[in-house]
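# Coordinates in review
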Amino acid sequence: MSKSWLYAWGLASVAFGGASLVVPLYVVELGGSAATLGTLAAVAAAVGVPGALVFGRLADRTGRRRVFVLGALALLVVSLAPLPLLESIPAVIVANGAVWFAFAAATPVVTLLAVAGAPENEWSARIGELNEYGGIGWALGLLLGTVWTGAAARLGGTSGIGSLLLALAALAGVGLLASVRWLPADAESTEVSPRRLQRALRRANRFSVRAATFPFAVGRADFRRLHPGRLAERFTPTLALYFGAVTLFFTGFAAFFAPLPAYLTDVGVGSEGVFALYLVSSVASAVFFERVGEVSGRRDPMSIQVLGLSARGIAFPLVFVVGAALGVSALGYLGIAVVFGLIGLTWAVIAVTAGTLVTRLAPLSVRGEALGVYAALSALAGAIGSVIGGRIAATSYELGFAAAGALVLVGAALVHLLGRRVRRNAKPTANAADPTTGSPSATEGSSSETSRTPTDDS
């Protein structure tokens, strides 16, 4: 696979990464409250699954994947470019929704384009390379925001947010033009088996940074054959319980992150500092992702996820506690940065273990669809949690962050109960076959699964 078009996708990812934070900061600059940011994030989350479903299925039916990726990138450009001229918060919310519709639409199609025409044994490597370029681009978008807003504050005494939006739109435009030239042509064979693609997604290496601080958009999952009704007929009680836990803790994630830019701005952290904090969390997630994967491969993933969720549930209100105790001094900022690093590390733990658990708990016949439902539930929970978190934080940040942490901790408790249930119902032979993890090699309704990597969240 030529790397030229991966650079083009990386440029678009820089724009997406920068936009994930600069638009909320722009809304705050326009006078938006924590509740307003909740609405902003909820709209971004709500458009995700329809975007992925519609574009993924259209790309399959027509076989013209290239044109849909180009269309999504064009939408990104025309959505970002006018943002600095918009002074109406509802208009900004609509434009931001278009940005994340473009992201959700492009993500599954660009994955199909990466594997189309390639032997199946190359799919995982191609997806991993695609994820790496996209993840690095996302992190560079946050880094660009840190440098740009810091320079603007020092040189002109302004936030630099408007000019940063224009720069991101320009980068997206360059990525679009590069994609027009370098994006590979559609392969003659357009059929890609959803089940085989899901297997490749689970095996692919990842540069997971996006969902460390932006849990609102859908991940890289194959939605083309998603039939929730058929899946519901085959639900096992264990899988249903885990999906309930997923809904709870992703609601908590969104309830924390949606109003977070408003809180950091209110306590005196400038735009440069906000970008830097988000970058710390994203880099921490990327740095520990591989290591967490190795550990989870040797131990019980449910127990590891409970630890990650518990730490994250405590870290959310800890941001407020540290900020209130130490203020915006250098020591206070350092303390908040440490907590953000912990939040990024916990995302690595959760991301690595979540896909593994869904894969193990789902019946074999609907395993791919279960992963799609997991991605859809995370987006739906993101929409709900964003509204809840924004409303509560508008009254009290302390209460809002505590409520977000409580939702995550309740989700962790459910996963803990699920782990006890699985271990209690496990057959002695299964336990004996998997002594290093302390959990059965096969769970209710599923066969053993050697792949321990989740659907992509980079």
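Anyway, here's the lowdown on the structure attached to this text. The structure displayed is predicted, hence computed values, not measured ones.

Attention now moves to the overall build of the protein chain. Summing up its helical and strand segments, the protein chain has 18 helices and 0 strands in all. Within the protein chain, residue pairs in contact and separated by at least 24 positions form 86% of the contacts whose partners lie at least 6 positions apart. Working note: accessible area of the protein chain is about 16600 Å², and carbon and sulfur atoms make up 65% of it.

Moving on to the environment of Leu307. By secondary structure assignment, the location of Leu307 is in helix H14 (residues 301-326). Linking Leu307 and His416, residues 109 residues apart in sequence, is a C-alpha distance of 9.5 Å.

Turning to the packing of helix H6 (residues 123-155) against helix H13 (residues 271-298), a few remarks are in order. Between H6 and H13, the least distance of the axes is 8 Å, while the angle of their chain directions is 160°. Taken as axis vectors, H6 and H13 run roughly antiparallel relative to one another. For H6 against H13, the interelement crossing comes out left-handed. Residues Ala139, Gly141, Leu142, Leu143, Gly145, Thr146, Thr149, Gly150 and Arg154 of H6 pack against Ser271, Glu272, Phe275, Ala276, Tyr278, Leu279 and Ser282 of H13.

Take Val246: it is sitting in helix H11 (residues 237-257). Through-space distance from the C-alpha of Val246 to that of Gly411 is 6.8 Å; in sequence the pair is 165 residues apart.

Looking now at the pattern of salt bridges. Scanning the entire structure with this criterion turns up 4 salt bridges. Here Arg126 ties to Glu122 by a salt bridge, and the two come within 3.8 Å at their closest N and O atoms. By relative accessible area, Arg126 is classed as buried at 18%. On the accessibility criterion, Glu122 (34% relative accessible area) is partly exposed.

To continue, consider the nonpolar core. Core analysis: the largest hydrophobic core is formed by 130 residues, its most contacted members being Leu80, Tyr242, Phe249 and Leu260. Listed in part, the 7 residues of the second largest apolar core include Ala118, Trp123, Val192 and Leu197.

By secondary structure assignment, the location of Tyr374 is in helix H16 (residues 367-395). Under the relative-accessibility criterion, Tyr374 is labelled buried at 2%. Taking C-alpha positions, Tyr374 is 8.9 Å from Thr247, a pair spaced 127 residues apart along the chain.

Attention now moves to a nonpolar patch on the surface. A cluster of nonpolar residues, Ile136, Leu140, Leu143 and Val147, forms a patch on the protein surface that exposes about 320 Å² of accessible area. When you line up the elements, Leu140 lands in helix H6. The class of Leu140 is partly exposed, set by a relative accessible area of 42%.

Turning to the packing of helix H1 (residues 4-29) against helix H5 (residues 89-115), a few remarks are in order. Each pair of packed helices can be described by the angle between their axes along with the distance between the axes. Running from N to C, H1 and H5 point in directions that differ by 155°, and their axes come no closer than 11 Å. Considered as vectors, H1 and H5 are oriented roughly antiparallel to each other. Our pair here, H1 against H5, has a crossing hand that is left-handed. Between H1, through Trp5, Trp9, Phe16, Ala19, Ser20, Val23, Tyr26 and Val27, and H5, the contact on the second element is made entirely by Ile89, Val92, Asn96, Val99, Trp100, Ala102, Phe103, Ala106, Val110 and Ala114. Counted by class, the contact of H1 with H5 contains 16 nonpolar, 2 polar and no charged residues.

Among the structural elements, Thr36 can be located in helix H2 (residues 34-46). The residues contacting Thr36, other than those within four sequence positions of it, are Val27 and Ile89.

A word on H1. In a regular helix each residue adds 1.5 Å, so 26 residues correspond to 38 Å; H1 covers 37 Å between its end C-alpha atoms and thus fits that length. Ala19 marks the point of greatest bend in H1, at about 35°. Count one or two residues on from H1 and you reach Gly31, which has phi positive near 105°.

With that out of the way, let us pick up H11. The end-to-end C-alpha distance of H11, which contains 21 residues, comes to 31 Å, matching closely the 30 Å that a straight helix rising 1.5 Å per residue would cover. Counted residue by residue, H11 has 15 buried out of 21 residues, so it is predominantly covered.

Tallying each qualifying case throughout the model produces 25 aromatic pairs. A centroid spacing of 5.5 Å and a plane angle of 35° characterise the contact between Phe249 and Phe250, whose relative ring orientation is tilted. Looking at Phe249, the relative accessible area reads 0%, which means it is buried. Phe250 gets classed as buried once you look at its relative accessible area, which sits at 3%.

This next bit is on the side chain of Ser79. Mapping Ser79 onto the fold places it in helix H4 (residues 65-80). Separated by 2.7 Å, the side chain of Ser79 and the backbone oxygen of Leu75 make a polar contact. Each residue touching Ser79, except ones within four places of it in the same chain, is listed here: Ala95, Ala98 and Val99.

Reading guide: rules and limits
- Residues numbered from 1 in each chain as written.
- Predicted model: local features only at pLDDT ≥ 70, side-chain atom pairs only at ≥ 80, totals over all residues.
- Heavy atoms only, no water.
- Helix = DSSP H or I, 4+ residues; strand = E, 2+ residues; numbered from the N terminus.
- Contact = heavy atoms within 4.5 Å.
- Areas by Shrake-Rupley, 256 points an atom, 1.4 Å probe, with all protein chains shown as cover.
- Axes fitted to C-alpha atoms, helices over the stretch in contact; angles between N-to-C directions.
- Parallel < 35°, antiparallel > 145°, perpendicular 65-115°, else oblique.
- Left-handed = near helix turned anticlockwise from the far one by under 90°.
- Salt bridge = Lys/Arg side-chain N within 4 Å of Asp/Glu carboxyl O.
- Buried < 20%, exposed > 50% of the residue type's maximum accessible area, 1.4 Å probe, protein only.
- Core = buried A, V, L, I, M, F, W, Y, C linked by side-chain atoms within 4.5 Å.
- Patch = residues over 30% accessible without salt bridge, like charges linked within 9 Å, V, L, I, M, F, W, Y side chains within 5 Å.
- Nonpolar A, V, L, I, M, F, W, Y, C, P; charged D, E, K, R; others polar.
- Expected span 1.5 Å × (residues − 1).
- Bend = angle between axes of the 7 residues up to and from the residue.
- Phe/Tyr/Trp six-rings, centres within 6.5 Å; stacked < 30°, edge-to-face > 60°.
- Polar contact = N/O pair within 3.5 Å; in protein donor to acceptor, adjacent residues only side chain to side chain.

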